[in-house]
Amino acid sequence: MPKASRNTVIKRILIAVAVTLALLYIVFLFVTTNFLGSNNIVTETAYRATAYDVIKSNAYIIRDESYIENSSSGIVVYNVDDAEKVTAGGAVATVYKNESDVIARQQIAEIDERIAYLQSLSAVTAMNAGLDTVNSQLSADLVALIENINRRSFDQVDDASEQLMSSIYRKQIITGEQLGFDDRIAELTIQRKQLVDSCGEPSGEVTTASSGYFVSSVDGYEQVFDVSHLDEITYADYQNAAPADVDDRYIGKVIKGVNWYILCPITEDDAVNITHNASSVSVRLPYVTGAELPAKVVSVNRFSDETMSMAVIACNYMDASLSHIRRESVEIVVGEYEGLKFSKSALHDDYVERTVTANDGTRTTERQKVQGVYVEYGNELLFKQVSILYAGDDYVICNENPDPDVLYNGTTVTLYDKVVIEGSDLFDGKILD
């Protein structure tokens, strides 16, 4: 056979094979779509979940703060802790002439705490506490320590450990394993007297003119904004805020009043959202505390010549970490939505029906197109209307019990429904093989 003829035959064979493969593929698609496609669906279970409508921003913390001035020279030792309440005229610090006096005073304070602790343990014998009572307390203290460790509440582990040791000591005293702490208390008392005799008198005392929460540091932002004019703060004011130079004689400050304020820029859309939907909100400061703080929107400052609005939010919760913060990332929880969660891909538009009975008793069927999901029910697909509470990027939260007038035929998705999130040729009543 000539070479040209062989090439022609080969080409025809290749073309025939290609056509045959194409026809087989078309037949495969036809069969899988129309006959085998009924089970070619993917479902997920609808379960209860909570979503939050959150506004994120960078906050500036405003407080009504007054400086505490020290007029004495020497080494300052604070008498109160940060965020501790103080009264006007109360002593917040003591000034000593030299460092050795400071060390001696600190040692005296530690000895006083130790003596008081040992005396409280010894008091168990005088109280005639029952062994059952002490055992119950010991068990409770052990559980509390374990729970703090499991929750990683390491700031409370020390206190829980000390409380557990106290219960152990009390049990030892009652059972006679520990005879008491009189000898140790006597030793500590002698040490205390020696320290007192060697320690000089303080050279001064620092008092505060105002009552409120004590803070042992200053940052220069204390007087930048006036809390009586919060509704006048602009976005430009926020951007231009800068600390002032603080004199060395200021050794701390007092936060006056109950409330402190979170000032943060927000977009126009967020301003509308927070104005219409929330007066009471929750605030998260993720880099300061894991707690969600209850708060209240004081004002939303909106100015026509500025691109950003300023939200002012009041909070009255206080602790040592919160007393120091100034510029922080903030999350404002405007809304909380609890319902049934599933993927957005499950949403479709289809018709649902209801039966209407007229006054004369005649019954008619009405149809309406609504938004809903297909649910696998046995070997059949059912279409159920949904009432969306919240829409995330790739999921929705739907009302599990919407008002009756929201649903056209009274039926909606329920807990643990198998909701179809992928599939072709979906329709209400479709039979699954």
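Structure: above.
The rules behind the values
Residues numbered from 1 in each chain as written. Predicted model: local features only at pLDDT ≥ 70, side-chain atom pairs only at ≥ 80, totals over all residues. Heavy atoms only, no water. Helix = DSSP H or I, 4+ residues; strand = E, 2+ residues; numbered from the N terminus. Buried < 20%, exposed > 50% of the residue type's maximum accessible area, 1.4 Å probe, protein only. Contact = heavy atoms within 4.5 Å. Areas by Shrake-Rupley, 256 points an atom, 1.4 Å probe, with all protein chains shown as cover. Salt bridge = Lys/Arg side-chain N within 4 Å of Asp/Glu carboxyl O. Phe/Tyr/Trp six-rings, centres within 6.5 Å; stacked < 30°, edge-to-face > 60°. Lys NZ or Arg CZ within 6 Å of the ring centre and 35° of its normal. Core = buried A, V, L, I, M, F, W, Y, C linked by side-chain atoms within 4.5 Å. Pairing = 2+ DSSP bridges. Axes fitted to C-alpha atoms, helices over the stretch in contact; angles between N-to-C directions. Patch = residues over 30% accessible without salt bridge, like charges linked within 9 Å, V, L, I, M, F, W, Y side chains within 5 Å. Lys, Arg positive; Asp, Glu negative; His and termini not counted. Charge placed at Lys NZ, Arg CZ, Asp CG, Glu CD. Polar contact = N/O pair within 3.5 Å; in protein donor to acceptor, adjacent residues only side chain to side chain.

A. Quick peek at the overall build of the chain. Per the secondary structure count, the chain includes seven helices and 18 strands. Expressed as a percentage of its 433 residues, the buried residues of the chain come to 36%. For the chain, restricting intrachain contacts to residue pairs at least 6 apart in sequence, the fraction spanning at least 24 positions comes to 77%. About 25500 Å² of surface is accessible on the chain, with carbon and sulfur atoms providing 49% of the total.

B. Expanded view of the pattern of salt bridges. Evaluation of the coordinates by the stated rule reveals 19 salt bridges. Put simply, Glu65 and Lys253 hold a salt bridge, and the shortest N to O gap is 3.4 Å. Here the residue Glu65 occupies a position in strand S2 (residues 47-69), and Lys253 occupies one in strand S8 (residues 250-266), the gap between them amounting to 188 residues. For Lys253, a relative accessible area of 3% gives the class buried. Look at the salt bridges and you will find they share partners, linking Arg63, Glu65, Asp219, Glu222, Lys253 and Arg326 into a network.

C. Seen up close, the packing of aromatic side chains. One pass over the full model with this rule turns up eight aromatic pairs. The interplanar angle of 15° and the centroid separation of 4.5 Å between the aromatic rings of Tyr67 and Tyr250 together place this pair among those described as stacked. Here the residue Tyr67 occupies a position in strand S2, and Tyr250 occupies one in strand S8, the gap between them amounting to 183 residues. Using a relative accessible area of 22% as the deciding quantity, one classes Tyr250 as partly exposed. Ring plane angle 55° and centroid distance 4.9 Å describe the contact between Tyr374 and Phe383, whose orientation is recorded as tilted. The same class applies to Tyr374 and to Phe383, which are both buried. Through successive ring pairs, a cluster of aromatic residues spans Tyr60, Tyr221 and Phe225. Geometry around Tyr408 places Arg354 over its ring, the cationic atom sitting 4.0 Å from the centre.

D. Looking closely at the side chain of Thr234. Relative to the helices and strands, Thr234 is located in the loop between strand S7 (212-215) and helix H6 (235-240). Given a relative accessible area of 16%, Thr234 falls into the buried group. Not counting residues up to four positions away in its chain, the partners in contact with Thr234 are Phe303, Glu306 and Met310.

E. Region of the structure containing the nonpolar core. One finds Trp260, Ile262, Val283, Leu285, Ile313, Val330 and Ile332 to be the most contacted residues of the largest nonpolar core, which totals 28 residues. Elements represented by at least two residues in this core include exactly S2, S7, S8, helix H7 (268-277), strand S9 (280-284), strand S10 (292-301), strand S11 (309-315) and strand S12 (327-343). Apart from the residues within four sequence positions on either side, Trp260 is in contact with Ile61, Ile62, Arg63, Leu285, Leu293, Ile313, Ala314, Cys315, Asn316, Tyr317, Met318 and Leu322. The next biggest cluster of nonpolar side chains, apart from the first, holds 14 residues, and it includes Tyr60, Phe225, Leu230 and Ala241.

F. Spotlight on the sheet that holds strand S5 (residues 91-96). The strand order across the open sheet built from three strands is S3-S5-S6, with neighbouring strands paired in antiparallel fashion. Every other strand in the sheet has two partners, leaving strand S3 (75-78) and strand S6 (204-207) as the edge strands with one partner each. Within the sheet, the average angular offset between the axes of one strand and its neighbour, ignoring direction, is 30°. Bridging between S5 and S6 involves four bridges; their strand directions are antiparallel. Across the sheet, the residue bridging to Val95 is Gly204, located in S6.

G. Seen up close, a negative patch on the surface. Together, Glu110, Glu113, Asp158, Asp159 and Glu162 make up a negatively charged patch on the protein surface. For the negative patch, the secondary structure elements donating two or more residues are helix H2 (99-127) and helix H4 (154-175). Sort the elements by how many residues they give to the negative patch and H4 lands first, with three residues. Mapping Glu110 onto the fold places it in helix H2. For Glu110, a relative accessible area of 54% translates into the label exposed.

H. Fine view of unusual backbone geometry. The backbone of Ala83 sits at a positive phi, close to 75°, despite the residue not being glycine. Structurally, Ala83 can be placed in the loop between S3 and strand S4 (85-86).

I. Region of the structure containing the environment of Lys418. Inspection of the secondary structure puts Lys418 in strand S18 (residues 418-422). Taking the C-alpha atoms as reference, Lys418 lies 4.7 Å from Thr45; in sequence the two are 373 residues apart. Not counting the four nearest positions on each side in its chain, Lys418 is found in contact with Thr43, Glu44, Tyr374, Val375 and Glu376.

J. The arrangement of the environment of Asn70 in detail. Relative to the assigned elements, Asn70 resides in the loop between S2 and S3. Distance from Asn70 to Tyr250, taken between C-alpha atoms, is 6.2 Å for residues 180 residues apart in sequence. Separated by 3.0 Å, the side chain of Asn70 and the backbone oxygen of Ser72 make a polar contact.

K. Seen up close, the pairing of S18. Bridging between strand S1 (residues 42-45) and S18 involves four bridges; their strand directions are antiparallel. From the neighbouring strand, Val42 faces S18, where its bridge partner is Glu422.

L. Geometry of the side chain of Asp417. Tracing the backbone through its elements, the reader meets Asp417 in the loop between strand S17 (395-398) and S18. The class for Asp417 is buried, based on a relative accessible area of 12%. There is a polar contact of 2.9 Å between the side chain of Asp417 and the side chain of Lys384. Not counting chain neighbours up to four residues away, the residues in contact with Asp417 comprise Glu44, Thr45, Ala46, Val375 and Lys384.

M. Just the pairing of strand S15 (residues 380-385), in detail. Relative to S15, strand S14 (residues 363-377) is paired through six bridges, and the arrangement is antiparallel. Each residue of the ladder has a partner; that of Tyr374, found in S15, is Phe383. The loop that links S14 with its antiparallel partner S15 comprises two residues; one of these, Gly378, has a positive phi angle of about 65°.

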